[in-house]
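Chain residues, written in single-letter form:
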Amino acid sequence: MKLIPFFEFPVRVHYFPGESLLGYIYRHMSANGHVMRGNGYYRIAKIMLASKSVTQFDKSFEILRQVINNDNLMDPLFWRDYKYLNFGISEKLMRFRAHTVWYCPHCLCDNEYHLSCWQVLGVHSCPYHGVLLSSTCPECGKTLAWISLLPNWSCSCGCRLTDRAINVRKVY
């Protein structure tokens, strides 16, 4: 499988400090008129995030580092720490966390990008707003997966997760 380097796409999205790897890939694909699929960039990122093998993690990291070409997002020290902090955690749980979109309704409405702290196992609430993270659509209740999320942070039912009137009202 050949991955196109991000700099070859017509639209190049800016990386936000603290943005998650999957969130950045999602925004990049969305801005270029694509959705995330179970293959390609998402597949490599998911392998990396859920990997129990140092070799597999390092191989996936290197592939993504080359195609994304963003030293802030693909900081080797951050990912080295991530890798070692997550060893010993159930691979099934790691895959679930990498598959499901966890988010703070307030932050997503305010910033429209996905924070890396929401992907960390054991983090269940937003460190900024103190509300529980959500993994479901506020309209239809469907569990949100990266590969089913439509462009502009939209659920397949049409609900925009960044619409404060819909999303934040159901938090309390």
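The structure we're discussing is the one just above.
Thresholds applied
- Residues numbered from 1 in each chain as written.
- Predicted model: local features only at pLDDT ≥ 70, side-chain atom pairs only at ≥ 80, totals over all residues.
- Heavy atoms only, no water.
- Core = buried A, V, L, I, M, F, W, Y, C linked by side-chain atoms within 4.5 Å.
- Buried < 20%, exposed > 50% of the residue type's maximum accessible area, 1.4 Å probe, protein only.
- Helix = DSSP H or I, 4+ residues; strand = E, 2+ residues; numbered from the N terminus.
- Contact = heavy atoms within 4.5 Å.
- Salt bridge = Lys/Arg side-chain N within 4 Å of Asp/Glu carboxyl O.
- Axes fitted to C-alpha atoms, helices over the stretch in contact; angles between N-to-C directions.
- Left-handed = near helix turned anticlockwise from the far one by under 90°.
- Nonpolar A, V, L, I, M, F, W, Y, C, P; charged D, E, K, R; others polar.

Draft legend 1. Layout of the nonpolar core. The biggest cluster of nonpolar side chains holds 49 residues, and the ones touching the most others in it are Leu21, Ile25, Leu64, Ile68, Trp79 and Trp146. Of all elements in the fold, only helix H1 (21–31), helix H2 (40–50), helix H3 (54–68), helix H4 (76–86) and helix H6 (105–111) reach the threshold of two or more residues within this core. Beyond its immediate stretch of four places on either side in the chain, isoleucine 25 contacts Phe6, Met36, Tyr41, Ala45, Leu64 and Ile68.

Draft legend 2. Broad picture of unusual backbone geometry. Of note, glutamate 112 is a non-glycine position whose phi angle comes to about 60°, a positive value. Position of glutamate 112 relative to the elements: it lies in the loop between H6 and helix H7 (164–167). Its relative accessible area of 38% is what places glutamate 112 among the partly exposed residues. Notably, tryptophan 153 is not glycine yet its phi reads approximately 55°, a positive angle. By the element assignment, tryptophan 153 lies in the loop between H6 and H7. Given a relative accessible area of 3%, tryptophan 153 falls into the buried group.

Draft legend 3. Focus on the pattern of salt bridges. Per the counting criterion, the structure on display carries three salt bridges. Among the salt bridges present, the one from glutamate 62 reaches arginine 65, with a minimum N-O distance of 2.5 Å. With glutamate 62 and arginine 65 both in helix H3 and three residues apart, this pair spans about one turn of that helix.

Draft legend 4. Representation of H2. With eight of eleven residues buried, H2 is to be regarded as a mostly interior element. Taken together, the buried positions of H2 are occupied by Gly40, Tyr41, Tyr42, Ile44, Ala45, Met48, Leu49 and Ala50.

Draft legend 5. Representation of the packing of H2 against H3. Two elements in contact, H2 and H3, have axes separated by 8 Å at closest approach and are oriented at 145°. The element H2 and its partner H3 pack so that their crossing is left-handed. Along the contact surface, H2 presents Tyr41, Ile44, Ala45, Ile47 and Met48, while H3 presents Gln56, Phe57, Ser60, Phe61, Ile63, Leu64 and Val67. For the contact of H2 with H3, the per-class residue count stands at ten nonpolar, two polar and no charged.

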